[in-house]
Structure formats: C-alpha cells, structure tokens
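# Descriptive structure summary
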Amino acid sequence: MCFLHAYLKYAILRHPYSETKEQHSETNMTDLNGRQEAVRNAIASLKDKPGALLPILHSVQDTLGYIPADSIPDIARALNLSRAEVHGVISFYHYFRDTPPGKHTLHVCRAESCQAMGSKQLESHIKNRLGIDYHETTADGKFSLEPVYCLGLCARSPSLQIDDTVYGRVTEERFDAIFNELEASL
Ligand code: FES
C-alpha cells in the first residue's frame, strides 16, 4: 500500500467528526424516524461545508453506527450528487459500514510496521477466535471485525484497537487475555 493510500485510510478513521463506539451505542437509534432524523441533522449542519460528503457520512455513522441504504437518496439530493457517487464513496472506504455494527468493534492494524511484527498471524488468530472475517459481525451481534491502516502506535507493533482503546505489542496470548476479559464483562 502506498503512503498516500495509507494516509487516507488513517485520516478517514481519525476524522474530526468521528466519535467513539460507546457514543454509537448510547445513541443507538434503530427506528426509521430516528434514522431519518440523524440523516436530516447531518445534512442540515454540514451540507454547506467544503467537501461536505465525507463529513456527512461520518456524522451519520457516528450517530447510527452505520450508514443506512435509505439515507443515500437524501444525501445525494442535498449535495446534488448521484446515488451512485454517494454509494461509490461509501464502498471505497472500508471504514464506512452499511450494516449495524456489533456491540464492540475490533480494529486490527494491517499497515507495514505491524505486518513486520507479525500482525498477519495475530489477524488469523483473531479471525479464528471470533469465527468471522473482516467487515463481518458475530452471529450474536457482540463483535465486529475491521482492518485499520496504522493506529499511530507503530513503535509498539502489532497494534489493535477495541472500541476506543488502543493496545500495543499484542501477542496471541495477550489478545486472548484482553478478549476473555471483554467477553466476561458482557
Ligand atoms: S503500522 Fe500498525 S500502528 Fe502503525
């Protein structure tokens, strides 16, 4: 992955409009009215900003935890874009979800420094442990798994983020300890 691509992935994850996963679940508006209100609010407050599409998508996902398919026509109309253009941006950035996330989201770093320190092996271990691949959610709705391209903790590779907490020097054993504790808390 080139530096620019890695930077874009990092920048989009760290976008200033992002909030924490805990805030997502606190405002878990799953009903239609709630979804429509979140989308309307995001459009109204951000549509006049330069490059408004990404801030609006971040705001919707921060509020709802994902970007519902039925929000795409409203966003496209507000920004004078086609539905295909909005959908194209959502699908280009893996950070954006089109389905509700699990209660907790695990982000595994796949960038160069972590790969050099064994993140691929850790990644396989985590996938086996959860029984899911990237961009999937466990059947019980408890965990989602996402890749990330640098968490800014390269000196402590391999790194992992669970919700809004970042962990460095994560071995398989350390992951199991962290995950066991998380599972026990549910
Ligand atoms: S490469 Fe993984 S934290 Fe930077």
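Structure: above.
Presented here is an overview of the structure given in this document. (Residues numbered from 1 in each chain as written. Predicted model: local features only at pLDDT ≥ 70, side-chain atom pairs only at ≥ 80, totals over all residues.)

## Points about the overall build of the chain
- Helices and strands together make up the secondary structure of the chain, namely 9 helices and 5 strands.
- When the elements of the chain are put in sequence order from the N terminus, they spell out α-α-α-α-α-α-β-α-α-β-β-β-β-α.
- Residues counted as buried form 26% of the 186 residues belonging to the chain.
- A sequence separation of at least 24 residues applies to 64% of the contacts in the chain between residues at least 6 apart. (Helix = DSSP H or I, 4+ residues; strand = E, 2+ residues; numbered from the N terminus. Buried ≥ 20, exposed ≤ 12 C-beta atoms within 10 Å, placed from the backbone. Contact = placed C-beta atoms within 7 Å.)

## Side note on the nonpolar core
- Core analysis: the largest hydrophobic core is formed by 16 residues, its most contacted members being L106, V108, C109, I126 and L160.
- At the level of elements, β1 (104–109), α8 (119–130) and β3 (143–148) are the ones that each hand at least two residues to this core.
- In this view, V108 contacts S119, L122, E123, I126, P147, V148 and L160; residues no more than four positions away in its chain are not counted. (Core = buried A, V, L, I, M, F, W, Y, C linked by C-beta atoms within 7 Å.)

## Quick look at the environment of G65
- Topologically, G65 is positioned in the loop between α4 (53–64) and α5 (72–79).
- Look at G65 and you get buried, because 23 C-beta atoms sit within 10 Å.

## With respect to the pairing of β1
- With 6 bridges connecting them, β1 and β3 associate as parallel partners. By the bridge assignment, H107 is partnered in β3 with E146.
- Pairing of β1 with strand β4 (residues 160–162) involves 3 bridges; the strand directions are antiparallel. Bridging across to β4, L106 finds its partner in I162. (Pairing = 2+ DSSP bridges.)

## Quick notes on the environment of L153
- With respect to the helices and strands, the residue L153 is situated in the loop between β3 and β4.
- Residue classification places L153 among the partly exposed residues on the basis of 19 C-beta atoms within 10 Å.
- Taking the C-alpha atoms as reference points, L153 and R169, 16 residues apart in sequence, are found 9.3 Å from one another.
- Sequence-distant contacts of L153, that is, excluding residues within four places in its chain, are made with S159, V166 and G168.

## Structural notes on the sheet that holds β3
- Pairing is mixed in the open sheet, where 5 strands are placed in the order β2-β3-β1-β4-β5. Each of the sheet's edge strands pairs with one partner strand only, and the pair in question is β2 (136–137) and β5 (165–167).
- Contacts from α8 reach β1 and β3 within the one sheet, and its direction differs from that of β1 by about 155 degrees. (Axes fitted to C-alpha atoms, helices over the stretch in contact; angles between N-to-C directions.)

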